[in-house]
Amino acid sequence: MKASIALTAIAALAAKASAACWSEPLGYRCCSSPNAQVIYTDNDGKWGVENNDWCGIPSACWSESLGYPCCKYTSDVVYTDNDGKWGVENGDWCGINGTSGGNNGYTPSNPGNNNNQGGYEGEPTIGAQYTHSGNPFAGHKFFLNPYYTAEVDAAIAQMSSSSLKQKAEKMKEYSNAIWLDTIENMNSWLLRNLKTALAEQNETGKTVLTVFVVYDLPGRDCHALASNGELLANDSDFDRYKTEYIDVIEGHLKKYKSQPVVLVVEPDSLANMVTNLENTPACRDSEKYYMDGHAYLIKKLGALPHVAMYLDIGHAFWLGWDDNREKAGKVYSKVISSGSPGKVRGFASNVANYTPWEDPTLSRGPDTEWNPCPDEKRYLEAMYKTFQSAGIKSVYFIDDTSRNGHKTDRTHPGEWCNQTGVGIGARPAANPISGMSYLDAFYWVKPLGESDGTSDESAKRFDGYCGHATAMKPAPEAGQWFQKHFEQGLENANPPL
Ligand code: GLC
């Protein structure tokens, strides 16, 4: 504010303005309305006069005058300071609840259900039915998960190295999957993110793809302990899975039909049906629910034209051996038929694992325990043939590259928990490898920085693999933020960030 044009008659004591605006830090009240008459404009903003004193005219959105856009889709408060409430969109700060900003003019439909971590709460216009054709990842903008952006921001706040901070900032430009790992989380995340993605799609005129992980089968994670779920392997929990989880997902997806969606289905479950029925009683207990659960969800969700599903197939060092692949052909073709007429687009590999895309140092031999598929590329090449010979009609793959850029320190490739030496791998992209037309995408399914499992031996979900020599410790519960692991993943990124 320029002293030279300061008003001569100044009211002695300005009442404290009720809402903060850009002029307050300069010692002037906010004008009562954004429509106040503009008396003077300078670099600070537009000035009006009320009660014989200068007042700052609130801009359409308070954050704009600070050089940041208004939040258009999100109401997720990531940070609060004297200026106001901040959210994050497209990797940049934005102001929430500006005078006319925030929610882009839509009225919240369900304000009571805001747990402060979601996104768009309004009712964006739902357009005509979208139908996937060809590669479900191709031709879309990939949705950026506001929750992950907030996790990364919180991580950056704990960093001192500026080069590390810069790397972390870049993480906010890449998409990763949204895990619906409990009924509660599904209720918090699914609708909210569908709406946010749709609002962005409406605003930009470009289709926005959202990837969710369906992850709540009864008796989940039957061969390990770290990710055991809330539902147990019994009939009444299976009813809950159907009615409180899958049916609810179906309802929301049926309604939000004008945007592309991908579902990664139940990580680890069917791979356990291939290899762990004989040796693990918990997997035998889960078998019925894993099989019937897949039939149920494929029938329902596989019938939606804008939804493409990928069933999880473990990774190269799980089902890569000849006998495992052969069994897998039988199990997966049976599961897919059981869900007919619902359709499955293909298979997701390496979800939350560390197996490199290519590892030219390895070939079938004692070092690989005679596994002919010692990296993801050779695994998918082999699985493509196996599944085709098993009669599966739609054989396409995605590979999780969020943590496979750098060979980890594991002494055995079966080690899966919080590996040291982790590095981010290839960035999410459709059709990433020419000549491999059946590879739909590289995608980040497991969000780098979220733990694989607790290293606390007294915890209920402690799994020995999370206490291994090559596992990073101390580690929090699966899904919780693990700063050290995140930082190492950034440092070892390949290609570098
Ligand atoms: C793990 C956890 C799950 C979490 C996911 C993503 O598998 O069990 O709760 O959402 O990883 O980090």
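Each remark here, short or long, concerns the structure printed above.
Residue numbering note: each chain is counted from 1, following its sequence as written. Totals for whole chains, interfaces and linings use every residue, but because this is a predicted model, local features are given only for residues with pLDDT of at least 70 and side-chain atom pairs only at 80 or more, for both listing and counting. To get the side-chain values, take all heavy atoms of the structure and skip hydrogens and water.

Some details on the site of the ligand
Distances are taken per atom, and a residue is near a molecule or strand as soon as one of its heavy atoms is within 4 Å of it. Every residue lining the ligand is accounted for by Trp179, Asp181, Tyr215, Arg220, Ser227, Lys446, Pro447, Glu450, Ala478 and Gly479. A distance of 2.4 Å is found between an oxygen atom of the ligand and a side-chain nitrogen or oxygen belonging to Asp181. Polar contacts, as used here, are pairs of N or O atoms within 3.5 Å; protein pairs need one atom able to donate a hydrogen and one able to accept it. Residues neighboring in sequence count only if both atoms are side-chain atoms. Contacts to the ligand include Ser227, whose side-chain N or O atom sits 2.8 Å from an oxygen atom. Method for areas: the Shrake-Rupley scheme with a 1.4 Å probe, in which residue coverage is limited to the protein chains shown. Compared with its free state, where it exposes 310 Å², the ligand has 92% of that area covered by protein. Classifying every residue of the shell around the ligand by side-chain character gives four nonpolar, two polar and four charged. Note on residue classes: Ala, Val, Leu, Ile, Met, Phe, Trp, Tyr, Cys and Pro are nonpolar, Asp, Glu, Lys and Arg are charged, and everything else, Gly too, is polar.

Describing the packing of helix H6 (residues 281-301) against helix H8 (residues 322-338)
With their axes 8 Å apart at the nearest point, H6 and H8 run at an angle of 50 degrees to one another. Regarding the angle of H6 to H8, the classification is oblique. Residues Met291, His294, Ala295, Ile298 and Lys299 of H6 lie in contact with H8, whose contacting residues are Lys334, Val335, Ile336 and Ser338. Angles run from 0 to 180 degrees between N-to-C directions of axes, and those axes are lines fitted to C-alpha atoms, restricted for helices to the stretch in contact. Strands are runs of DSSP state E lasting at least 2 residues, helices are runs of H or I lasting at least 4, and numbering of each runs from the N terminus. Working definition: roughly parallel below 35 degrees, roughly antiparallel above 145 degrees, roughly perpendicular at 65 to 115 degrees, and oblique for all remaining angles. Note on contacts: a residue pair qualifies if any of its non-hydrogen atoms lie within 4.5 Å across the two residues.

A short note on the pairing of strand S3 (residues 45-50)
For strand S2 (residues 40-42) and S3, the ladder comprises three bridges, and the chain directions are antiparallel. Opposite Asp42, over in S3, you have Gly45 as the bridge partner. A pair of strands is labelled paired if DSSP reports no fewer than 2 bridges between them. Hairpin geometry of S2 and S3 is characterised by an intervening segment of two residues between the two adjacent antiparallel strands. Where S3 meets strand S4 (residues 53-56), four bridges bridge the pair, whose relative direction is antiparallel. Each bridged residue has a counterpart across the sheet, and for Val49 the counterpart in S4 is Trp54. Counting the residues in the hairpin turn of S3 and S4 gives two residues, including Asn51, whose phi is positive at 50 degrees.

A short note on the side chain of Thr408
Relative to the helices and strands, Thr408 is located in the loop between strand S14 (397-400) and strand S15 (429-430). For Thr408, the contacting residues outside a window of four places in its chain are Tyr354, Gln419, Thr420, Gly421 and Val422.

As for the nonpolar core
In this text, buried Ala, Val, Leu, Ile, Met, Phe, Trp, Tyr and Cys residues form a nonpolar core when linked through side-chain atoms within 4.5 Å. We call a residue buried when its accessible area falls under 20% of the maximum for its residue type, exposed when it is over 50%, and partly exposed in between, using a 1.4 Å probe and counting protein chains only. Within the largest apolar cluster, 67 residues are counted, with the highest numbers of intra-cluster contacts made by Leu263, Leu311, Tyr332, Phe347, Phe387 and Phe397. Among all residues touching Phe397, those that are not within four sequence positions of it are Tyr310, Ile313, Phe347, Leu380, Met383, Tyr384, Phe387, Tyr438, Leu439, Asp440 and Ala441. Of all hydrophobic cores here, the second largest spans 20 residues; its members include Tyr354, Phe486, Ala493 and Leu497.

Purely spatial values, then, with no claim about function.
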